[in-house]
Each structure stands twice: as structure tokens, then as C-alpha cells.
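Below are the chains, spelled out letter by letter.
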Amino acid sequence: MLWSHTRDAAETADSATLDRATGCLAVAIADMVVSARTSRHRSAAEALAGTSGACAVSGVASRADIAGAALANAYLMHARLTDDSFRVAAHPGLAVVPVALAALEQAAQHAAQPPDGDRLLRAVVGGYECACLLAEQLLPEVSQRGWRVTSVIAPLAAAATMALVLDLPEDDACAALGLAAGAVGGPLGVVSTNGDAWSLQPALAVQAGVSATIAASAGLRSGAGTLAGPHGLYSLLGGVSGVEPRRPEQRAAIHRVTFKRFPVAMYGQSVFDALQAQPPISGAIRNIRVQIAPFAARYGNQRDASADSIASVEGITRAALRTFHPGLSAGWVAEKRGIEVVGDPALPELGARVTIELSDGRTFAMTGDGDTSGWHSADFYGHCITLLGDAGGQLYEAAAALSHGGNVNRLLKLWHAAR
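Described below are features of the structure shown in this document. (Residues numbered from 1 in each chain as written. Predicted model: local features only at pLDDT ≥ 70, side-chain atom pairs only at ≥ 80, totals over all residues. Heavy atoms only, no water.)

Right, let's talk about the overall build of the chain for a bit. Assigned secondary structure in the chain consists of 18 helices and 4 strands. Computed over C-alpha atoms, the radius of gyration of the chain comes to 21 Å, within 12% of the 22 Å expected from 2.2 N^0.38 for 419 residues, which places it in the range of a compact globule. Over its C-alpha atoms, taken along the principal directions, the chain stretches across nearly 75 × 50 × 40 Å. Residue burial in the chain is summarised as follows: out of 419 residues, 58% are buried. When contacts within the chain are restricted to residue pairs at least 6 apart in sequence, those whose partners lie at least 24 apart make up 77%. Only carbon and sulfur atoms are counted for the fraction: they give 51% of the accessible area of the chain, which is about 16,100 Å². When the 32 positive and 37 negative side-chain charges of the chain are each reduced to one mean point, those points stand 5 Å apart. (Helix = DSSP H or I, 4+ residues; strand = E, 2+ residues; numbered from the N terminus. Rg over C-alpha atoms; globule rule 2.2 N^0.38 Å. Buried < 20%, exposed > 50% of the residue type's maximum accessible area, 1.4 Å probe, protein only. Contact = heavy atoms within 4.5 Å. Areas by Shrake-Rupley, 256 points an atom, 1.4 Å probe, with all protein chains shown as cover. Lys, Arg positive; Asp, Glu negative; His and termini not counted. Charge placed at Lys NZ, Arg CZ, Asp CG, Glu CD.)

On to the pattern of salt bridges, then. For the coordinates displayed, the defined rule picks out 16 salt bridges. Residue Asp-118 is joined to Arg-122 by a salt bridge in which the shortest nitrogen-to-oxygen separation is 3.0 Å. Taken together, the positions of Asp-118 and Arg-122, both in helix α6 (residues 117-138) and 4 residues apart, correspond to about one turn of that helix. What makes Asp-118 partly exposed here is its relative accessible area of 34%. Across the pair Asp-172 and Arg-221 runs a salt bridge, and its minimum N-O distance is 2.6 Å. Of this pair, Asp-172 sits in helix α9 (residues 170-181) while Arg-221 sits in the loop between α10 (197-217) and α11 (233-237), and the two are 49 residues apart along the sequence. The structure contains a network of salt bridges with shared partners spanning Arg-87, Glu-136, Arg-256 and Glu-349. (Salt bridge = Lys/Arg side-chain N within 4 Å of Asp/Glu carboxyl O.)

Next up on the list: the pairing of strand β3 (residues 351-358). In terms of burial, β3 is a largely internal element, 6 of the 8 residues being buried. Inspection of the sheet shows strand β1 (residues 285-292) paired to β3 by 7 bridges, in the antiparallel sense. The partner of Gln-291 across the bridge, within β3, is Arg-353. Examined bridge by bridge, β3 and strand β4 (residues 363-369) share 7 bridges and lie antiparallel to one another. Looking at the pairing, Thr-355 lines up with Ala-365 of β4. In sequence, β3 turns back onto β4 through a hairpin of 4 residues, with Gly-361 there showing a positive phi of about 100 degrees. (Pairing = 2+ DSSP bridges.)

As C-alpha cells, then:
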């Protein structure tokens, strides 16, 4: 059922959906390029790439095999916590775009008729569909059970994307998904502690999906029940009923993906948005209260999480204060005094309300909205320009041209040349 839904979404994608895929593709590549400009991230990606092959790794001169390239580029896409999101907690793009590019380059070396731009975009649509369907099915329970949803969905989304780019037979594609289901999971605890595990964990899950697809292409098969059986993925991780059949009128899930303007967790976008919109405040802080959707207020074990972790609403709020309101008492921010975080069911998934009380009696109440699912071509173009300047604009234009018969080689050349 999951494969047929994924394949149908790819095959029936209309022009608006393919245009959406070009935006996701361009922003993902721009994120990889920017991450690779940091020597630490570039060195890690080069080390992760491993064995030489036909596939590019962003910012790295040498090439890698498909599994190494997908691993390294997925790491780069997520390394700064700027990649796209779905349902607040899931990061579908890192499991789709790096795999689609690596599979495309491998096929170009070995196939008499390599995949064209249309197949690339449809594979992106299908990969996002697989990732988002699983996230929709599993959230929020998968997180409540202590699993990181991105590392659960990534192996299957990577397998689906690779199967679509390479146009694998249905038996191989279904086997790839089943084999990938045996490699799902990753503890949510990595987002609530210090260190680098949070940035690497999803990329390792992507590599598992690529390896599962390679194994399926070589003839390995999965047993029945790996997804929907009594001890399969759905029942163990939160989605007991499994994926429903796709309705003909159902809009592709890629249209509900959101994008980040700030390098923090998706639910933190609204906090940054609220504090950015407020004219600069100066003075001594008495109290700060952050109201946020209940899922975000609980995510990553907020109560015991390190204030320096990527999950911490308190840490996110302090970062926004330092960025937009440096005139507020620096000592209060540096001392990491408590911020009251409240889950408010009246707020949308990506909404926030921030109230700051100063010692002189002044009070400032701000609201923020992090929902960017309504982005269109101008938004994607502007975001790529923000990230990479003129090179970002050219990258977006090359991606956008794919939905109108553009040459995929131009996009690849611009990506390879970007530093």
C-alpha cells in the first residue's frame, strides 16, 4: 500500500506539484552548499563519503558511491538545522533530495538513457509523499514513545526515492521498503542533549534506506508484516492502522512541507518571528513566558533537556533575544534564568505567544507564526538568494526550469560549482 501510494503521487503529480518540488530541490541544495562552507561540516561530509564513485558531495572535490554521497549530503542538509519540516518534527527533505541526486548521478554513469528532469522531480514528489505519509501516520505517538520521527521515516523515504529515480520494478521497490523498515528508529534523546548526534542520526537512517534498496535490487526480499504486522513498524511506533489508500483527488503531501527562515527547530520559528517583529526592547527582565503548541512544549523532554540543546524552547528564546533585542539585560540571558514555557492548545502547531515583563513594569506581548507551507516560487527564489546570493538565484532558476523541460545537467553543474 505504501509503495502504490508513493508511486501514484509521483506519476499523477500536476504542474503545481512539480513546481513545488523544484522549490524543495533548490532550497535543499542551497542548504547543503552553505553547510559545506563551514570547514567542520565539510570535513565530516568528506569523511562520511567514503568509497569513490560517480556521485557528488556538496563542497567536496572527490566523488563517492551512492550510499556515501547520500549519507554525506543528508548530513550537510541537516547540519545547521535549517532543512525543511513536516508536522513540526519530521524532516522529509534530507531523506529525499540527497538520495535523488545521488541516484540520478549514478544512473547517468551507467544507464544508456539516464533519468531526465521530469523523473527527478516526480521522484522528489514521491519521496516526500512516502516520508510525509509515514510522519502523518506516526505522529505524535512515535515521539511520545521516545523515537525521533525523522530517523523512523528516513530509511523508507530514501528507499522510495531511489526506486523512483532508478525506475525499479515493483517487486524490487516493495522489497526495498520492507528491508528499509528493518532499519528504522533512533532515540529522541539526541535532540535534548549537547553534542553532534542529532545532526548525524538522520543521515545514518538515510544511508540504511539506500543500502536496503541496493540489497533489494540484488535480489534480497523482506518478509510479510514488516510494516503492518503485529510487531511491524506501525504497531510498534504508533501507527496501528497503517497507510490508507490514496484518493484520486488527494493533494500531494509536499504542499504541506514548511521551510525555515531561522536556524532553529521548526517550532522555534514562531518564537523568532515574534521577537523579530517587535521593535527593539531595552531594560531589565523580570519574567518571560512563552506559550507554544502542546506538542512543542513537550517535545524532546523539555523539562530535563539541556538549555543548549536544539530542542529547548528556553534556549531558542534566549537565542532570539540575543539576536533581536541585545538591549535587554545581557546578564539575565547569559545566566540562563528560567523562561516559563506553557503548552497552549489554542495555538496552531507553528504558532507562539511571547510575553516579556520588565522590572520597571512595562509588558510586551508578541505573537509569531512559523507556518511557511504557503511559499511559492518568489519565496523559494528569495530564500535561495538569501542563502547564496546570485548563485542561489541561478540554482533556483535551473531547478524551476526542470518542470518545463529544462536540462538537469545545468542544475548539477551549478551545484557542483557552488562553494
